[in-house]
Structures are given as C-alpha cells and as structure tokens.
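Chain by chain, the residues:
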Amino acid sequence: MNEQNNTSLFPKGEKLPGEWFSGNAFLHPLLARDKNNDFALGSVTFEPGARTHWHIHPKGQILIITEGEGLYQEKGKPAQRIHRGDVINIPENVEHWHGATAHSKMIHIAVTNYQGDTNVTWLSPVTNEAFSEANK
Ligand code: MN
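This text gives an overview of the structure that appears in the document. (Residues numbered from 1 in each chain as written. Predicted model: local features only at pLDDT ≥ 70, side-chain atom pairs only at ≥ 80, totals over all residues. Heavy atoms only, no water.)

### A closer look at the pairing of strand S3 (residues 25–31)
In the sheet, strand S1 (residues 14–15) pairs with S3 via 2 bridges, with the strands oriented antiparallel. The partner of Lys-15 across the bridge, within S3, is Phe-26. In the sheet, S3 pairs with strand S4 (residues 39–46) via 6 bridges, with the strands oriented antiparallel. For Pro-29, the partnering residue across the bridge sits in S4 and is Gly-42. (Pairing = 2+ DSSP bridges. Helix = DSSP H or I, 4+ residues; strand = E, 2+ residues; numbered from the N terminus.)

### Quick notes on the coordination of the manganese ion
Each protein donor to the manganese ion is listed here as His-55 (NE2), His-57 (NE2), Gln-61 (OE1), His-96 (NE2) and His-98 (NE2); together their distances run 2.1 to 2.2 Å. Ordering the donors of the manganese ion by residue number gives the pattern H-x1-H-x3-Q-x34-H-x1-H. A residue pair is termed long-range when its members are at least 10 positions apart, and Gln-61 in strand S7 (residues 61–74) and His-98 in strand S10 (residues 96–100) qualify at 37 residues. On the basis of relative accessible area, Gln-61 is assigned to the buried category, the value being 5%. What makes His-98 buried here is its relative accessible area of 3%. (Donors = N, O, S within 2.8 Å, 3.2 Å for Na, K, Ca; no water. Buried < 20%, exposed > 50% of the residue type's maximum accessible area, 1.4 Å probe, protein only.)

### Some points on the packing of aromatic side chains
Enumeration according to the criterion identifies 4 aromatic pairs in this entry. Geometrically, the ring pair formed by Phe-21 and Phe-46 is tilted, given 6.4 Å between the ring centres and 40° between the ring planes. Taken together, the positions of Phe-21 in strand S2 (residues 21–22) and Phe-46 in strand S4 put the pair 25 residues apart, joining distant regions of the chain. Both residues of the pair, Phe-21 and Phe-46, count as buried. Through a chain of ring-to-ring contacts, three or more aromatic side chains come together here, namely Trp-20, Phe-21, Phe-46 and Trp-122. Across from the ring centre of Phe-26, 4.4 Å away, lies the NZ or CZ of Lys-12, which sits over that ring. Positioned above the aromatic ring of Phe-131, the side-chain terminus of Arg-51 is 4.3 Å from the ring centre. (Phe/Tyr/Trp six-rings, centres within 6.5 Å; stacked < 30°, edge-to-face > 60°. Lys NZ or Arg CZ within 6 Å of the ring centre and 35° of its normal.)

### Looking at the pattern of salt bridges
Opposite charge on two side chains allows them to pair when their charged atoms are near. All chains considered together, the criterion is met by 8 salt bridges. Notably, a salt bridge pairs Arg-33 with Asp-117, separated by 3.4 Å at the nearest N-O pair. On the criterion of sequence distance, the pair formed by Arg-33 in the loop between S3 and S4 and Asp-117 in the loop between strand S11 (106–113) and strand S12 (121–122) is long-range, its members being 84 residues apart. Residue Arg-33 is classed as partly exposed on the basis of its relative accessible area, which comes to 30%. By relative accessible area, Asp-117 is classed as exposed at 72%. Taking the shortest distance from any N to any O, the salt bridge between Lys-136 and Glu-133 comes out at 3.1 Å. (Salt bridge = Lys/Arg side-chain N within 4 Å of Asp/Glu carboxyl O.)

### Focus on the layout of surface pockets
Looking at the largest pocket, its volume works out to about 440 Å³. If you go around the largest pocket, you meet 24 residues; those closest to its centre are Leu-27, Val-44, Gln-61, Thr-112 and Asn-119. Take the lining of the largest pocket: its biggest share by element is 6 residues, from S4. (1 Å grid on protein atoms, 1.4 Å probe; cavity = no way out; pocket = protein on both sides within 12 Å on 5 of 7 lines; lining within 4 Å. Points joined across faces, edges and corners; volume = space filled by probe spheres on them.)

### Some words on a nonpolar patch on the surface
Taken together, the side chains of Ile-62, Ile-64 and Val-87 define a hydrophobic patch exposed on the protein surface, amounting to about 220 Å² of accessible area. With respect to the secondary-structure elements, Ile-62 resides in strand S7. What makes Ile-62 partly exposed here is its relative accessible area of 30%. (Patch = residues over 30% accessible without salt bridge, like charges linked within 9 Å, V, L, I, M, F, W, Y side chains within 5 Å. Areas by Shrake-Rupley, 256 points an atom, 1.4 Å probe, with all protein chains shown as cover.)

Have a look at this one:
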C-alpha cells in the first residue's frame, strides 16, 4: 500500500529519530530558515501511538493540524484532543508534547521559531503511563 493516501497534502518524509520521538513519526521538510523567515517549516506525520518527547521551544511554535486526530499536552495540564483544521499556538518555554492518539494517526504542519541557532530543547520521553492517561 502506498504510504501517501489521496488526502495527504505532503509526502510522509523520513522517519524521525528515536532519541526525540516515541513510535513511528516522520518529517517532510517544507522550508528551512532563511534571511526573511526565522523559523523552520515542516509536515510531521505521527502513526497511531507515536508522539514527541517532552520539549520546549525558546520562541514558541505553531501547529496546523492537516489530518487525523491527535493529542497536545502542556506540563501540569490535561491533554487536549486536536483535529484536522485546528491551529495550536504554543508559547515560548512551555514544556509540552504532541502526537497521534493511541488509535488514530495525526499529521501537522509545524512552524518552529528560532532563538539564535536553537528552535527546540528535547527533554524526557512521554511514558506509556502518561500517554495512556492522555488518551482517556
Ligand atoms: Mn513542539
């Protein structure tokens, strides 16, 4: 079966590393930072159960959900369901994670702003227990 179905806006891209992601997550880069745009732009596909590790962005991040259903959680708050068409504005220096639900894939475009040469700091994995709780 072709990995890109008829409704996916962009190709799936390359698998993201296990040191920063749990499960099967993929990145299709759209634009690199340039002299006018101080952010990286990419389409990220999370297969069911896949998610980022906890992390922070020093200048924040915008997620535009283009397909499926997923989860977004800020540290100390309940996880929220996110769906195709949602736009999530993540503040600077807020610890969070995002990904698919246990049973549905999710694709988002990520706009990730830079501070200096950094746009993300990776922290610990989202444990299976925390992910299970977020899916309730
Ligand atoms: Mn993020």
